[in-house]
Amino acid sequence: MSISHLFEEMGLSAPVMRVKLMGASDQEMEGISREMSIGLSLDEMKRVQEYFAKEGRDPRDIELEALGQAWSEHCCYKSSKYIMKQYFMNRSFPQALITSEDAGVVEFDDDHAYVVGLESHNHPSAIGPYGGSATGVGGIIRDVVCMGAQPIAVIDPLFFGLLDAGEEDIPEGINHPKYIFSGVVAGIRDYGNRIGIPTVAGSVNFHRGYTGNPLVNVGAVGIAKKKHIIRSRVGGPGEIYILAGGRTGRDGIHGVTFASADLSSDSEEKDRGSVQLGDPIVKEPIIHSCLEANERGLLRGMKDLGGGGLSCVSGEMALDGGCGAIIHLDRIPLKEEGLKPWEIWVSESQERMMVSVLPRDVDAVMHIFKKWDVEAVIIGEVIPEKHVKALWEGEEILNMDLDFFTAGPEYCRLTVPREVSREILEADIPLPDRGELEASLLVLMEDPNICSRELVFRTYDHEVRARTVVKPYVGDPFSPGPSDAAVLKPLEDSWKGLAITTDVNPGMCEIDPYRGTLSALDESIRNLVSVGARPHSLTDCLNFGNPEKPDRLGDFAMACKAIGEVTDHASIPVVSGNVSLYNESELGAVPPTPTMMMIGLMDDVRKATTSDLKKSGNIIYLLGRTRREMGGSAYYRSIDAGCDRVPDLDKQLMMDSMEAVLEMNSEGLLASVHDLSEGGLAVALAEMCIGGGIGLDVNVREVGSLDGNGEEMRVDTKLFSESNTRYVIEVEPREALRVEDCISRHEVPYTKLGTVLGDSLRMTRGEDLLVDIPVNVLDHAWRGGMKRLLEGSQ
Amino acid sequence: MKVEDIRVCILRMEGTNCEQETFDAFKRLGASPEFVHLKQLEGRDVGADEARSLDDYHILMFPGGFSAGDYIRAGAIFAARIKASLSGDLRKFIEDGKAVGGFCNGFQIMVELGILPGMDGTMSEHPEAVLHSNDSGFFECRPTLLKHTNRGRCVWTRDIPIGSIRLIPCAHAEGKLILPLEEADALYGRLFDEDRVVFQYCDGSGETNAEYPYNPNGSRFNIAGICSERGNVFGMMPHPERVFYRHTHADWYRNKVGSEEGDGQVVFRSVLNYIVETF
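About the criteria used
Residues numbered from 1 in each chain as written. Chains lettered and ligands numbered in written order. Predicted model: local features only at pLDDT ≥ 70, side-chain atom pairs only at ≥ 80, totals over all residues. Heavy atoms only, no water. Helix = DSSP H or I, 4+ residues; strand = E, 2+ residues; numbered from the N terminus. Rg over C-alpha atoms; globule rule 2.2 N^0.38 Å. Buried < 20%, exposed > 50% of the residue type's maximum accessible area, 1.4 Å probe, protein only. Contact = heavy atoms within 4.5 Å. Areas by Shrake-Rupley, 256 points an atom, 1.4 Å probe, with all protein chains shown as cover. Lys, Arg positive; Asp, Glu negative; His and termini not counted. Charge placed at Lys NZ, Arg CZ, Asp CG, Glu CD. Axes fitted to C-alpha atoms, helices over the stretch in contact; angles between N-to-C directions. Parallel < 35°, antiparallel > 145°, perpendicular 65-115°, else oblique. Nonpolar A, V, L, I, M, F, W, Y, C, P; charged D, E, K, R; others polar. Buried area = accessible area lost by both parts, 1.4 Å probe. Salt bridge = Lys/Arg side-chain N within 4 Å of Asp/Glu carboxyl O. Polar contact = N/O pair within 3.5 Å; in protein donor to acceptor, adjacent residues only side chain to side chain. Expected span 1.5 Å × (residues − 1). Pairing = 2+ DSSP bridges. Core = buried A, V, L, I, M, F, W, Y, C linked by side-chain atoms within 4.5 Å. Right-handed = clockwise from strand over helix to strand, strands pointing away.

J.: Where do I start with the overall build of chain B in this structure?
T.: For chain B, the helix and strand inventory stands at six helices and eleven strands. Taken over C-alpha atoms, the radius of gyration comes to 17 Å for chain B, in line with the 19 Å a tight globule of 279 residues would show. Expressed along its principal axes, the backbone C-alpha trace of chain B runs to roughly 55 × 50 × 35 Å. Across the 279 residues that make up chain B, the buried fraction comes to 63%. Of all intrachain contacts in chain B linking residues separated by at least 6 positions in sequence, the fraction that spans at least 24 positions is 75%. As displayed, chain B has an accessible area near 9600 Å², and 49% of this comes from carbon and sulfur atoms. Averaged over its 30 positive side-chain charges, chain B has a centre that lies 3 Å from the centre of its 41 negative ones.

J.: Help me out: how do you make sense of the packing of helix α7 (residues 129-145) of chain A against helix α11 (residues 280-295) of chain A in this one?
T.: In a packed pair of helices, the relevant descriptors are the angle between the two axes and the axis-to-axis distance. All names here are of chain A. Contact geometry for α7 and α11: axes closest at 11 Å, N-to-C directions at 5°. The angle between the axes of α7 and α11 places the two elements in the roughly parallel class. Facing Gly138, Ile141, Arg142 and Val145 of α7, the residues of α11 in contact are Lys283, Ile287, Cys290 and Leu291. Class assignment of the residues belonging to the contact of α7 with α11 gives a composition of five nonpolar, one polar and two charged.

J.: Would you mind showing me how to read the interface of chain A and chain B here?
T.: Accessible area lost upon the coming together of the parts serves often as the stated size of an interface. In this complex, chain A contributes 48 residues to the contact, which on the side of chain B involves 48 residues. Summed over both sides, the interface of chain A with chain B buries roughly 3900 Å², with 55% coming from carbon and sulfur. Looking at the side of chain A facing chain B, the largest losses of area belong to Arg194, Arg458 and Phe478 of chain A, adding up to 18% of the total buried there. On inspection of chain A and its partner chain B, the count reaches eight salt bridges. Its salt-bridge partner being Arg242 of chain B, residue Asp461 of chain A comes within 2.8 Å of it at the nearest N-O pair. In this assembly, chain A and chain B are joined by 17 residue pairs in polar contact (both at pLDDT 80 or more).

J.: Can you help me understand the packing of helix α3 (residues 61-70) of chain A against helix α12 (residues 309-320) of chain A in this one?
T.: Residue and element names in this part refer to chain A. Taken N-terminus to C-terminus, the directions of α3 and α12 make an angle of 80°; their axes are 9 Å apart at the nearest point. The orientation of α3 relative to α12 falls into the category roughly perpendicular. Of the residues in α12, those in contact with Ala66, Gln69 and Ala70 of α3 are Gly309, Ser311 and Cys312. Counted by class, the contact of α3 with α12 contains three nonpolar, three polar and no charged residues.

J.: Sorry if this is basic, but what is going on with helix α6 (residues 265-278) of chain B here?
T.: Quick reminder: α-helices carry 3.6 residues per turn. Residues three or four places apart thus point the same way. Residues and elements named next belong to chain B. Spanning 14 residues, α6 covers 20 Å between terminal C-alpha atoms, matching the ideal 20 Å at 1.5 Å per step. Within the sequence span of α6, burial applies to Gln265, Val266, Val267, Phe268, Ser270, Val271, Leu272, Tyr274 and Ile275. In this fold, the buried residues of α6 make contact with α1 (19-28), β3 (59-62), β4 (99-103), β7 (165-172) and β11 (233-236).

J.: Looking at this model, I keep getting lost on the sheet that holds strand β8 (residues 215-225) of chain A. Mind explaining?
T.: Through backbone hydrogen bonds, the strands of a sheet pair up, either in parallel or in antiparallel fashion. Residue and element names in this part refer to chain A. Taken in spatial order, the six strands line up as β3-β4-β5-β8-β6-β7 in an open sheet, and their pairing is mixed. Edge positions in the sheet fall to β3 (96-98) and β7 (199-206), since each has one partner strand and no second. The average undirected angle you get between the axes of adjacent strands in this sheet is 20°. Strand direction decides the pairing type here: strand β6 (residues 150-160) and β8, joined by seven bridges, are antiparallel. From the neighbouring strand, Pro151 faces β8, where its bridge partner is Gly222. Each of β6, β7 and β8 touches helix α8 (residues 177-195); the most contacted strand, β6, lies at about 180° to it.

J.: Whenever I open this one, the pattern of salt bridges confuses me. Can you help?
T.: Pairing is possible between side chains of opposite charge, provided their charged atoms come close. Scanning all chains against the criterion turns up 92 salt bridges over all chains. When the shortest N-O distance is used, the salt bridge between Glu735 of chain A and Arg734 of chain A registers 3.1 Å. Judged by relative accessible area, Arg734 of chain A falls into the exposed class, the value being 64%. Residue Asp185 of chain B is joined to Arg220 of chain B by a salt bridge in which the shortest nitrogen-to-oxygen separation is 2.8 Å. Within this pair, whereas Asp185 of chain B is found in helix α5 (residues 184-193), its partner Arg220 of chain B is found in the loop between β9 (197-202) and β10 (223-227), the two being separated by 35 residues in sequence. One connected set of salt bridges, linked through shared partners, spans Lys370 and Asp373 of chain A together with Glu14, Lys39, Glu42, Arg44, Asp45 and Arg81 of chain B.

J.: How should I be thinking about the environment of Gln108 of chain B in this particular structure?
T.: All names here are of chain B. Tracing the backbone shows Gln108 in helix α4 (residues 105-113). C-alpha separation for the pair Gln108 and Gly225, spaced 117 residues apart in sequence, amounts to 11 Å. Not counting chain neighbours up to four residues away, the residues in contact with Gln108 comprise Asp70, Ala74, Leu131, Glu174 and Met237. Reaching out from Gln108, the side chain makes a polar contact with the backbone oxygen of Glu174 at a distance of 2.6 Å.

J.: Help me understand the nonpolar core, please; the structure alone is not making it clear to me.
T.: One broad rule of soluble globular proteins: the nonpolar side chains tend to lie buried together. Ranked by size, the top nonpolar core spans 108 residues in total, and within it Phe181, Leu441, Leu681 and Met763 of chain A carry the most contacts. By residue number, the principal contributor to this core is helix α23 (residues 680-692) of chain A, which donates nine residues. With residues up to four places along the chain from it excluded, the contact list for Leu441 of chain A reads Ala682, Val683, Phe720, Leu761, Val771, Ile773 and Leu778 of chain A. Residues Phe23, Val197, Val198 and Val243 of chain B belong to the second largest nonpolar core, which totals 75 residues.

J.: Is there a simple way to think about the pairing of strand β1 (residues 7-12) of chain B in this case?
T.: It is a general feature of regular strands that their side chains alternate between the two faces of the sheet. Residue and element names in this part refer to chain B. The element β1 is extensively covered by neighbouring structure, given that five of its six residues are classed as buried. Bridge analysis of β1 against strand β2 (residues 32-37) gives six bridges, and the strand direction is parallel. Among the inter-strand pairings, Arg12 is bridged to a residue of β2, identified as His37. Taking the sense of rotation as the criterion, the β-α-β connection linking β1, α1 and β2 turns out right-handed. Bridge count between β1 and β3: three bridges; the pairing is parallel. Considered in β3, the bridge of Cys9 is made with Leu60.

J.: It is not clear to me how the environment of Pro550 of chain A should be interpreted in this structure. Could you clarify?
T.: Residues and elements named next belong to chain A. Looking at where Pro550 falls in the secondary structure, it is placed in helix α20 (residues 550-569). Taking the C-alpha atoms as reference points, Pro550 and Thr415, separated by 135 residues in sequence, lie 4.4 Å from one another. When sequence neighbours within four positions are dropped, the list of residues in contact with Pro550 reads Leu414, Thr415 and Val416.

J.: It is not clear to me how the sheet that holds strand β29 (residues 727-731) of chain A should be interpreted in this structure. Could you clarify?
T.: All names here are of chain A. Reading across from one edge, β27-β29-β26-β30-β28-β31-β32 is the order of the seven strands in this open sheet, with mixed pairing throughout. Two strands close off the open sheet at either side, each with one partner strand: β27 (672-675) and β32 (768-774). Across this sheet, the average inter-strand angle for adjacent strands is 20°, counted without regard to direction. Direction of pairing for strand β26 (residues 619-623) relative to β29: antiparallel, over a ladder of five bridges. The residue of β29 that forms the bridge with Ile620 is Glu730.

J.: Explain the environment of Gly175 of chain B here, please?
T.: Residue and element names in this part refer to chain B. One can find Gly175 in strand β8 (residues 174-178). The exposure class assigned to Gly175 is buried, which follows from its relative accessible area of 1%. Distance from Gly175 to Met236, taken between C-alpha atoms, is 9.1 Å for residues 61 residues apart in sequence. Setting aside anything within four residues of it in sequence, one finds Gly175 in contact with Leu131, His132, Asn134, Asn217, Ser219 and Met237.

Dropping the structure here:
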């Protein structure tokens with residue numbers, strides 16, 4: 001059906017179309033939404049029709065484009081809000097100062113707050129891996145800066161398909177995981193390094209389920225004096241809007257509507273224009289100039305232009321300040337001639353900041369931008385009437401009631417949680433002998449999801465700003481092991497530390513989204529506690545499939561349920577977050593991926609503990625309960641054994657062991673601490689040996705619960721179970737009694753495993769030798785794993 | 001003169017981003033550092049109160065980072081802008097015996113400027129060396145051990161005993177020092193004979209022919225830092241400002257030595273002592 005007759009040139013000085021919505025049929029309205037690719041459903045189009053009927057006129061194309069953007073899943077969370085409210089939104093905790101904006105603001109000390117945000121840049125990275133990931137970093141940095149904070153850390157959890165996937169497994173129009181992997185890593189490297197903010201943490205995950213739709217989540221943390229915190233809203237009528245930074249171009253048009261639909265085989269070609277291009281050397285001066293203007297008290301409001309562009313920002317800033325705004329669209333500096341007004345209005349070009357300034361401060365602000373060679377233009381003003389208006393050479397081309405414009409729909413869609421069987425505890429496989437156990441351990445050490453990521457992390461500057469106290473790799477500087485969390489010392493005059501970790505195990509979430517999410521949260525807490533930090537706030541990035549499919553939304557609801565339970569029990573506020581839905585391609589949905597980014601605080605960074613073994617003769621303990629729950633474990637994945645019983649969470653034990661470890665840390669009783677995660681006890685011990693460059697002799701007889709018949713646990717389950725809430729600690733012999741007393745006082749079950757000793761990892765069960773592998777062999781398997789994987793897949 | 005009267009110009013432009021920690025290092029030792037944007041020296045787009053002259057300072061620091069994005073060649077754009085407007089002032093600054101230092105991108109800028117290695121005079125018309133891409137082909141952010149092999153010429157390291165080894169991290173993609181190939185042997189010979197080699201990458205036992213990862217970029221003779229003939233102009237690839245304190249060392253938790261002093265602090269103290277004695 002042709003609908004061209006519904007579009008009519010208005011004959012204004014700028015090319016603006018009237019869209020004949022009045023009296024348009026359902027079919028015609030669907031046609032309009034499709035033709036303009038604004039992604040509005042029929043019901044939504046009807047609401048629009050109603051509004052303009054009341055206004056007594058047809059909408060202009062620019063107004064429909066603006067609505068398509070503002071009402072997209074990405075901008076208004078129309079499918080997810082209802083569920084999140086039900087489980088964890090709208091709760092208040094004393095340390096959470098601001099949780100309503102792009103980035104959360106949380107108390108650091110009496111005078112300072114830290115600012116934290118986490119976002120997804122999934123679809124852009126699928127098509128333009130380099131530009132997509134780079135602008136992901138740029139976007140989250142702006143979210144932190146626009147609260148008035150100095151960025152101090154970048155964090156990037158990444159999820160790719162298998163690097164060794166055969167071409168035949170890659171459908172037409174989908175990029176090979178290896179191409180996406182190298183592009184994404186290069187994008188983060190070149191952008192993060194250039195803006196001089198250290199990339200201190202993150203993760204690199206590989207899973208078949210990300211082949212059609214990789215996930216690129218990017219987080220940032222900033223620090224600010226409380227008195228410098230600024231809101232993303234105007235102060236009042238008469239203020240002047242100044243747009244600063246990059247020019248506006250065609251890049252990033254329909255970015256959010258693109259992010260709010262499944263990827264299709266023609267996305268590569270069709271949606272390339274919606275991938276923004278970043279420029280770190282514009283961004284870096286923007287950080288300096290915006291912070292300088294803010295600290296001199298010259299700004300009333302500041303907001304970055306990300307998803308939603310000028311359209312969302314000018315409206316939201318005004319409305320949040322109880323006002324409206326007039327924007328002179330013909331004043332926006334452009335990258336190229338010939339952009340239509342609607343393109344300028346919804347473009348998501350990068351490196352742009354909007355500030356609201358009192359008339360008397362305009363000159364001072366413009367001077368600061370000029371000094372930094374940041375292009376800045378006065379583009380409009382704040383008005384009392386709650387409308388957003390756009391003018392072109394004085395002619396009105398857009399005028400909408402802000403309450404209507406920003407009141408995106410909110411849906412309560414059908415959710416169907418998946419059935420999860422808890423029947424099978426362990427697969428019925430023959431008991432492995434010593435040779436097989438050793439072989440399994442070495443396979444796990446070079447498993448794509450366990451092996452060293454130095455190949456990636458050494459290309460990120462994780463030390464710029466000279467405040468990184470515990471780095472991504474710990475132990476011997478030239479043969480380090482993995483770190484559980486990064487620790488920063490944000491302030492010059494305080495020893496107080498801020499620890500950062502990011503966690504999620506897709507292998508568990510794809511079987512059981514609820515317990516998979518519980519496990520991710522427990523792992524975050526374990527990682528922070530391991531370095532000696534007390535968990536303080538949570539930011540999440542919830543990556544799921546198409547919310548219009550009840551099973552996908554059921555997974556989402558289960559993850560939210562888990563987040564609500566753990567954060568309530570541990571009194572950890574969810575201070576900011578991001579929901580990324582429609583992560584689907586013709587290969588199906590990605591595994592449910594609720595990425596957790598948790599921040600912990602410690603009084604003195606000099607008390608931080610690391611995972612590398614310290615001294616021969618020290619004693620090794622295991623804290624927590626080892627259970628028969630092998631679902632989603634790396635070991636079962638490696639031997640192709642099936643089991644749906646994903647590790648459960650004992651919240652009381654989670655709290656008790658946290659208090660026990662933190663108390664021992666504060667009393668300086670711990671030489672090293674490492675949490676047990678992928679690969680279980682055996683891999684954790686191996687990693688501690690690698691970092692310390694020294695061996696271990698441990699007996700696992702006491703490890704693990706007896707089964708129903710009083711039978712002792714299988715040795716492979718003892719070694720490789722990934723049960724939650726477990727820590728390995730290293731203690732000097734003279735502290736053993738104090739340590740055992742502390743653990744018992746907190747009612748945490750523990751086992752004395754053995755001693756730091758020799759140059760190989762030796763594991764026995766009573767008299768039987770299970771594993772005896774030289775540390776340098778473990779080191780070689782673990783450290784070279786990714787390199788071999790990349791070379792093997794060429 | 002007194003240390004608090006020592007004015008340090010921390011020069012920046014878009015893309016320099018190690019300036020805060022460099023500023024902090026001088027501040028902590030009692031000197032008076034100041035962030036100065038290149039445009040304040042050029043007198044472009046700045047008010048009278050913001051204009052500055054190199055003459056006002058005793059130490060000129062080129063901080064690390066990615067000046068102008070390093071898009072042409074590391075440091076090239078920053079260097080070109082200085083040459084265009086400030087080469088006279090800079091030449092005088094150096095010939096007055098004042099101190100000029102650069103770490104990482106700062107070192108790259110100084111080589112592009114022709115003030116290092118400065119084989120024949122204060123500032124060569126064209127670069128006499130290049131800091132080339134690392135042999136690994138990657139950006140390398142890792143700890144490096146540096147052996148101080150300067151016999152006393154370099155005013156930035158004169159308080160460091162010769163032969164002492166320091167743990168100072170590097171973070172760069174282009175750090176391999178290369179001298180003109182046709183006369184390389186002669187030039188390297190001169191660098192050593194004239195005592196212009198300051199730091200060499202080494203392993204735990206102090207071997208200065210140790211290979212990757214001890215030598216992160218493949219630099220010949222493991223050269224990590226050099227100085228001018230007079231010793232007041234100094235550049236190095238690693239980042240002493242990142243280990244001003246012990247707790248930012250890669251392994252501080254493995255051997256707690258009690259002292260809070262990091263291995264990089266002495267570099268800043270040395271140059272301040274030099275200025276105190278000389279001016």
